[in-house]
Amino acid sequence: MNVNGKPMRTIWLDAHNPGVVHIIDQQQLPHVFEVMQLRTLADVATAIKDMHVRGAGLIGATAGYGMYLAALDAPKTNIDAFLASLEQAASTLQATRPTAVNLAWACSRQLTNIRSQMAAGLDVEALIQVAKITAQTIADEDANFCKRIGEHGLPIIHKLLQQKSGDTINILTHCNAGWLAFVDYGSATAPIYAAFNAGIPLHVWVDETRPRNQGASLTAWELGQHGVPHTIIADNVGGHLMQHGLVDMVIVGSDRTSYTGDVGNKIGTYLKALAAKDNNVPFYAALPSSTFDWALEDGVHGTPIEERAADEVTHISGVAESGPAAGQVTKVRITPETSPAKNYGFDVTPRRLVTGLITERGVCAANAESVLALYPEKRTLVEQHKAVHTNSKDGGKRVVSTS
Ligand code: MRU
């Protein structure tokens, strides 16, 4: 997508130095646009944990490059030590953020490829190239799959346009499932960009998405860069808009979707889905297949929910407009000094509230039968996980703290 009219991705390997990965630093947007360099596994782990990169697809792509950078630094004299060091790197990366399944998926894809090429007799130098190619493939695939999500979502918007006799289509989205959350195009935004590019009149309601405000700072910024009409709203406004016919559809992204269709996404998504159901507004989740958890049957109770630092709730950042810090990004406290705060990062929307899932293979209903009809090659995996799960039910909601 475009930044100041120039096409960009969110992550790329340096053209001249294969030991350097570039990312757009999302901590600083929308006030400052800066590209940051990652050179080591530690740089990558920090970039994910501290949300210089964020969003399921981009977390996965960054982890893919993280494994490659780890391979460059791994012991070269002993192939078993090389593999052990990469297994350790995967554990380090997976501990950074628990909810987005793309992270574990990318690490395990790297390990699977490296192990199988190792078994085929490749030496360490060749295995480093395998890690590099795998990282680039994950990134390219992410961009390509998001593009296809746009192509599959476009007819849904087109149909709404016909129902509204050509009137502007109002789409509500939550958080940032835009191109900044992926390598390119985005998931929830891909159909929006496709419709906008096709000349469909549309307008996007952008939930601010407290506490980190990814909607207000990131979605608004990227839609603005592409010229898509949008309005930022406080998180509590969506229900009112839906009651008054001002939302034609909701499209959100996902960080982890069970193969049965429960959609894990940024905290607050569930409330939007409830309001949408009550007002007969179609509610879609858009996601590439890397976001399906093929081992997860009950998303509501089985999704690991990240709990982040309380100061994301008690404080807020923005550009000071006056005073000694005028023009600078400043953090201010908005709560009483002694009041505690809780910061759950994600919630899960049960499948009964989801109109459909928009994937790179097409649109399907949010249930196991429809999802597996699109991804028949995953049936065996699902059955294997079911068998294991039957023997060791853990149950209960898992909350994982990264603070
Ligand atoms: O905490 P974040 O910013 O990494 O959360 C991810 C999100 O932006 C969303 O929940 C998004 O809708 C899904 S990620 C494509």
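Details of the structure are given in the entry above.
Small disclaimer: the values here were computed from a predicted structure and weren't measured.

Our next topic: the overall build of the protein chain. Across its full length, the protein chain carries 13 helices and 20 strands. Over its C-alpha atoms the protein chain spans a radius of gyration of 21 Å, differing by no more than 12% from the 22 Å that the globule rule assigns to 403 residues. Looking at the protein chain as a whole, 52% of its 403 residues qualify as buried. For the protein chain, restricting intrachain contacts to residue pairs at least 6 apart in sequence, the fraction spanning at least 24 positions comes to 74%. Only carbon and sulfur atoms are counted for the fraction: they give 52% of the accessible area of the protein chain, which is about 16,800 Å². Put simply, the protein chain has 33 plus and 39 minus side-chain charges, and the middle of one group is 3 Å from the middle of the other.

Closest axis-to-axis distance for the helix 3 (residues 79-94)/helix 4 (residues 101-119) pair is 9 Å, and the angle between their directions is 170 degrees. Comparing the axis directions of helix 3 and helix 4 gives the class roughly antiparallel. Side by side, helix 3 and helix 4 meet where I79, D80, F82, L83, L86, E87, A90, L93 and Q94 of the first sit next to L103, A104, C107, L111, I114, R115 and M118 of the second. Within the contact of helix 3 with helix 4, the residues separate by chemical class into 12 nonpolar, one polar and three charged.

One open sheet accounts for four strands, arranged 13-10-11-17; its pairing is mixed. At either end of the open sheet lies a strand with only one pairing partner, and these are strand 13 (292-293) and strand 17 (346-349). Where strand 10 (residues 256-258) lies against strand 11 (residues 263-266), two bridges are found, and the strand directions are antiparallel. Bridge pairing in strand 11 links T257 to V263. The sheet contacts of helix 9 (residues 269-278) involve strand 11 and strand 17, and relative to strand 17 the element is tilted by about 30 degrees.

Okay, the pattern of salt bridges next. On inspection of all chains with the given rule, the structure shows 16 salt bridges. Between D248 and K164 there is a salt bridge whose closest N-O contact spans 2.9 Å. In this pair, D248 sits in the loop between helix 8 (238-243) and strand 9 (249-252) while K164 sits in the loop between helix 5 (124-163) and strand 6 (169-173), placing the two residues 84 residues apart along the sequence. Residue D248 is classed as buried on the basis of its relative accessible area of 13%. Ionic contacts of the salt-bridge type, sharing partners, join the residues R97, R212, E306, R308 and E312 into one network.

The next thing to look at is the site of the ligand. The full set close to the ligand counts 17 residues, and R54, R97, N176, N265 and K266 are the nearest of them. At 2.7 Å from an oxygen atom of the ligand is found a side-chain nitrogen or oxygen belonging to R97. For the ligand, an oxygen atom lies 2.7 Å from a polar atom in the side chain of K266. Within the complex, the protein chains bury 100% of what would otherwise be the 400 Å² of accessible surface of the ligand. Class assignment for the residues of the shell around the ligand results in seven nonpolar, six polar and four charged.

The subject of this paragraph is unusual backbone geometry. Most of the time, phi is negative for any residue but glycine, and the peptide bond is trans. The step from L29 to P30 runs through a cis peptide bond, and the omega angle for that step is 5 degrees. Of note, P30 is situated in the loop between strand 4 (21-24) and strand 5 (35-38). In this chain, R210 is followed by P211 through a cis amide linkage whose omega measures 10 degrees. Its location among the elements puts P211 in the loop between strand 7 (202-207) and helix 7 (214-226). Although it is not a glycine, T209 adopts a positive phi angle of roughly 70 degrees.

This part is about the sheet that holds strand 19 (residues 362-364). Here we have seven strands laid out as an open sheet, ordered 8-7-6-9-12-18-19, and mixed in their pairing. For this open sheet the edge positions go to strand 8 (230-233) and strand 19, each flanked by a neighbour on one side alone. Mean inter-strand twist for the sheet, computed between neighbouring axes without regard to direction, equals 25 degrees. Taken together, the four bridges between strand 7 and strand 8 define a ladder with parallel strand orientation. If you follow V206 over to strand 8, its bridge partner there is I232. Its contacts with the sheet put helix 7 on strand 6, strand 7 and strand 8, and the angle it makes with strand 7 is roughly 160 degrees.

The next thing to look at is the side chain of R256. Residue position: R256 is located in strand 10. Owing to a relative accessible area of 10%, R256 belongs among the buried residues under this scheme. Within the structure, R256 has its side chain in polar contact with the side chain of D293 (distance 2.7 Å). Apart from residues no more than four positions distant in its own chain, R256 is found in contact with P98, T99, A100, V101, D262, V263, G264, T291, D293, L296, T303 and P304.

Before going further, it helps to spend a moment on the side chain of S217. By secondary structure assignment, the location of S217 is in helix 7. S217 gets classed as buried once you look at its relative accessible area, which sits at 13%. Side-chain polar atoms of S217 contact the backbone oxygen of N213, separated by 2.7 Å. Setting aside anything within four residues of it in sequence, one finds S217 in contact with L29, P30 and R212.

Applying the stated criterion across every chain yields a total of zero disulfides. With no disulfide partner, C107 has as its closest neighbouring cysteine sulfur the one in C146, 19 Å distant. Left without a disulfide partner, C146 is nearest to the cysteine sulfur of C175, which lies 15 Å away. Overall, the relative accessible area of 0% leaves C146 in the buried class.

Thresholds applied
- For every chain, the first residue of the written sequence is number 1, and numbering continues from 1 along that sequence.
- Per-residue local features of the predicted model are confined to residues with pLDDT of at least 70, and side-chain atom pairs are confined, for both listing and counting, to 80 or more; whole-chain, interface and lining totals are unaffected and use all residues.
- Think of the side-chain values as coming from all heavy atoms in the structure, minus any hydrogens and water.
- Secondary structure follows DSSP: runs of H or I at least 4 residues long count as helices, runs of E at least 2 residues long count as strands, and numbering of each begins at the N terminus.
- Radius of gyration: C-alpha atoms only; globule rule: 2.2 Å multiplied by the number of residues to the exponent 0.38.
- Classification of residues uses two cut-offs on accessible area relative to the type maximum, computed with a 1.4 Å probe and protein chains only: under 20% is buried, over 50% is exposed, and between them is partly exposed.
- Any pair of residues with heavy atoms lying within 4.5 Å of one another is described as a contacting pair.
- Note on areas: these come from Shrake-Rupley sampling with a 1.4 Å probe, and a residue is covered only by the protein chains present in the view.
- Under this rule, positive means Lys or Arg and negative means Asp or Glu; His and the chain ends count for nothing.
- Just so you know, the charge point we use is NZ for Lys, CZ for Arg, CG for Asp and CD for Glu.
- To get an axis, fit a line to the C-alpha atoms, keeping to the stretch in contact for a helix; angles then go from 0 to 180 degrees between the N-to-C directions.
- For classification, angles of less than 35 degrees are called roughly parallel, those exceeding 145 degrees roughly antiparallel, those between 65 and 115 degrees roughly perpendicular, and all remaining angles oblique.
- Charged residues are taken to be Asp, Glu, Lys and Arg, nonpolar residues to be Ala, Val, Leu, Ile, Met, Phe, Trp, Tyr, Cys and Pro, and polar residues to be all remaining types, Gly included.
- Only strands that DSSP links by at least two bridges are regarded as paired with each other.
- Definition used for salt bridges: Asp or Glu carboxyl oxygen within 4 Å of a side-chain nitrogen of Lys or Arg.
- If even one non-hydrogen atom of a residue comes within 4 Å of a molecule or strand, that residue is called near it.
- Residues adjacent in sequence count toward polar contacts only when both atoms are side-chain atoms; beyond that, a polar contact is any pair of N or O atoms within 3.5 Å, and within protein one must be able to donate a hydrogen and the other to accept it.
- For the purposes of this analysis, a disulfide is any pair of cysteine sulfur atoms at a distance within 2.5 Å.

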